[in-house]
Amino acid sequence: MQKSVLLINDMAGYGKVALSAMIPLLSHMQCEIFNLPTALVSNTLDYGKFDILETTDYMRNSLRVWDELGFSFDAVSTGFLVSAEQTSLVAAYCHKAKAKGALIFVDPIMGDDGHLYNGVGEETVKYMRSMCSVADVIVPNLTEATFLAAKYQSKATLTREEAKDLLFSLRDIGSANVIVTSAKVEGENATLILEKDSTEVKYLPYTEIPVRFPGTGDIFSSVLIGNYLKGMPIAEATQKAMDTVVKLISLNIDNKDKYKGIPLEQYLEDL
């Protein structure tokens, strides 16, 4: 049966990122898609100039109206949130949706390369932990994972023992399945997985392609969510998402304007 999915993320007017990447992918994967934009952004941030309109009041009012109308979803996926206030609002909504039986997918976008993004402080991290506490799947990168767990924040690479400790600390927050992307363990690139009720951390190695396309994380999340909702095991769905990102980057590596992201609609049938 077709699953209804609410995507809570930003919408860029120019560029295939966030909602503009996730909506076509998950629709193609036979999900019924709804969206709640956290911000309207003129274009991908890579261009260096942009305008942004945050939508906190609209979000709050929309959620109130939806509640009055009795709307509900099989799954909720969260992405970019512009403030601690928004994070608190979405965390509260995820708790309510979880209580009604929804699956919760959290991409806790807060930082990278060992640092939190400008404007992200401990209050945001606290609310993000609350959201992760009811999540069925979380997909932080290594930096976000260390801030959520409040350990190893100064380390660019982990030992296997530290990686295991980090993932178990994240699952202790309450997340059922933990996936840490862009990790480096004993010098090797890997995506790390700790599945629900498992005592084993799985390592999915990858070779980094030296090119940047905005939106690849959103493609990863979409393929992971779509396959997981179809019943695919979490590790297999993660590997499928990784393979898809690698394939799309390889097909577009010679694009002149990479800041636009990957024009993924033309590849949907190939995926």
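Before reading further, recall that the structure is shown in the block above.
Quick caveat: nothing in here was measured; it's all calculated off a predicted structure.

Engineer: How would you summarise the overall build of the protein chain if you had to cite specific residues and measurements?
Structural biologist: Across its full length, the protein chain holds 8 helices and 11 strands. A globule of 271 residues ought to have a C-alpha radius of gyration of about 18 Å, and the protein chain, at 17 Å, matches this closely. With respect to the three principal axes, the spread of C-alpha positions in the protein chain is 50 × 45 × 40 Å. When the accessible area of the protein chain is evaluated, it comes to approximately 12800 Å², of which 51% is carbon and sulfur surface. Put simply, the protein chain has 25 plus and 35 minus side-chain charges, and the middle of one group is 1 Å from the middle of the other.

Engineer: Tell me about unusual backbone geometry, residues and numbers included.
Structural biologist: Residues other than glycine seldom take positive phi values, yet Asp113 does so here, at roughly 55°. One non-glycine residue, Ala150, lies in positive phi territory at about 60°. Locating Ala150 in the fold gives a position in the loop between α5 (142-149) and α6 (160-173).

Engineer: An account of the layout of surface pockets is requested, with residue identities and associated values reported.
Structural biologist: By volume, the second largest pocket is sized at about 290 Å³. Looking at the second largest pocket, it is lined by 16 residues, and the ones nearest its centre are Leu63, Asp67, Tyr93, Lys96 and Lys100. Of all the elements in the fold, those that place two or more residues in the lining of the second largest pocket are α2 (56-69) and α3 (84-99). Among the residues forming the lining of the second largest pocket, the class breakdown is 10 nonpolar, 1 polar and 5 charged.

Engineer: Lay out the environment of Ser88 with the relevant residues and their values.
Structural biologist: One can find Ser88 in helix α3. For the pair Ser88 and Lys155, spaced 67 residues apart in the sequence, the C-alpha separation amounts to 28 Å.

Engineer: Account for empty space enclosed by the protein, with residues named and values stated.
Structural biologist: On inspection of all chains with the given rule, the structure shows 1 cavity of 30 Å³ or more. A volume near 100 Å³ is recorded for the largest cavity. Secondary structure elements with two or more residues in the lining of the largest cavity: β1 (4-12), β4 (75-78), β5 (103-106) and α7 (216-229). Looking at the lining of the largest cavity element by element, the count peaks at 4 residues for α7. Residues belonging to the lining of the largest cavity are distributed by class as follows: 8 nonpolar, 5 polar and 2 charged.

Engineer: So what's going on with the nonpolar core? Which residues, and what values?
Structural biologist: Ile8, Val180 and Leu192 are the most contacted members of the largest nonpolar core, which has 43 residues in total. Among the elements that make up this core, the one with the highest residue count is α3 (6 residues). When residues no more than four places from it in sequence are discounted, the contact partners of Ile8 are Leu36, Thr38, Met59, Val76, Ser77, Thr78, Gly79, Leu81, Val90 and Tyr93. Formed by 35 residues, the second largest nonpolar core is a distinct cluster that contains Leu229, Met242, Val245 and Leu248.

Engineer: Hey, could you go over the packing of aromatic side chains for me, with residue numbers and the actual values?
Structural biologist: Per the stated rule, a full pass over the model turns up 5 aromatic pairs. When the centroid spacing of 5.2 Å and the interplanar angle of 85° are considered together, the rings of Tyr47 and Tyr259 count as edge-to-face. Placement of the pair is Tyr47 in the loop between β2 (32-41) and β3 (52-54) and Tyr259 in the segment after α8 (234-252), with a sequence separation of 212 residues. By relative accessible area, Tyr47 is classed as partly exposed at 31%. Aromatic ring contacts, followed pair by pair, group Tyr14, Tyr47 and Tyr259 into a single cluster. Over the ring of Tyr127 we find Lys126; its NZ or CZ atom is 4.9 Å from the centre of that ring.

Engineer: Which residues make up the sheet that holds strand β11 (residues 201-205), and what are the values?
Structural biologist: By definition, the strands of a sheet pair up through backbone hydrogen bonds, in either a parallel or an antiparallel sense. With mixed pairing, the 9 strands of this open sheet are ordered in space as β3-β2-β1-β4-β5-β8-β9-β10-β11. Each edge of the open sheet carries a strand with a single partner, namely β3 and β11. Where strand β9 (residues 177-185) meets strand β10 (residues 188-194), 6 bridges bridge the pair, whose relative direction is antiparallel. If you follow Val178 over to β10, its bridge partner there is Leu194. Of the strands in this sheet, β1, β2 and β3 touch α2, which is tilted by about 155° from β2. The sheet contacts of α3 involve β1, β2, β3, β4 and β5, and relative to β4 the element is tilted by about 160°.

Rules of the game
- Residues numbered from 1 in each chain as written.
- Predicted model: local features only at pLDDT ≥ 70, side-chain atom pairs only at ≥ 80, totals over all residues.
- Heavy atoms only, no water.
- Helix = DSSP H or I, 4+ residues; strand = E, 2+ residues; numbered from the N terminus.
- Rg over C-alpha atoms; globule rule 2.2 N^0.38 Å.
- Areas by Shrake-Rupley, 256 points an atom, 1.4 Å probe, with all protein chains shown as cover.
- Lys, Arg positive; Asp, Glu negative; His and termini not counted.
- Charge placed at Lys NZ, Arg CZ, Asp CG, Glu CD.
- 1 Å grid on protein atoms, 1.4 Å probe; cavity = no way out; pocket = protein on both sides within 12 Å on 5 of 7 lines; lining within 4 Å.
- Points joined across faces, edges and corners; volume = space filled by probe spheres on them.
- Nonpolar A, V, L, I, M, F, W, Y, C, P; charged D, E, K, R; others polar.
- Core = buried A, V, L, I, M, F, W, Y, C linked by side-chain atoms within 4.5 Å.
- Buried < 20%, exposed > 50% of the residue type's maximum accessible area, 1.4 Å probe, protein only.
- Contact = heavy atoms within 4.5 Å.
- Phe/Tyr/Trp six-rings, centres within 6.5 Å; stacked < 30°, edge-to-face > 60°.
- Lys NZ or Arg CZ within 6 Å of the ring centre and 35° of its normal.
- Pairing = 2+ DSSP bridges.
- Axes fitted to C-alpha atoms, helices over the stretch in contact; angles between N-to-C directions.

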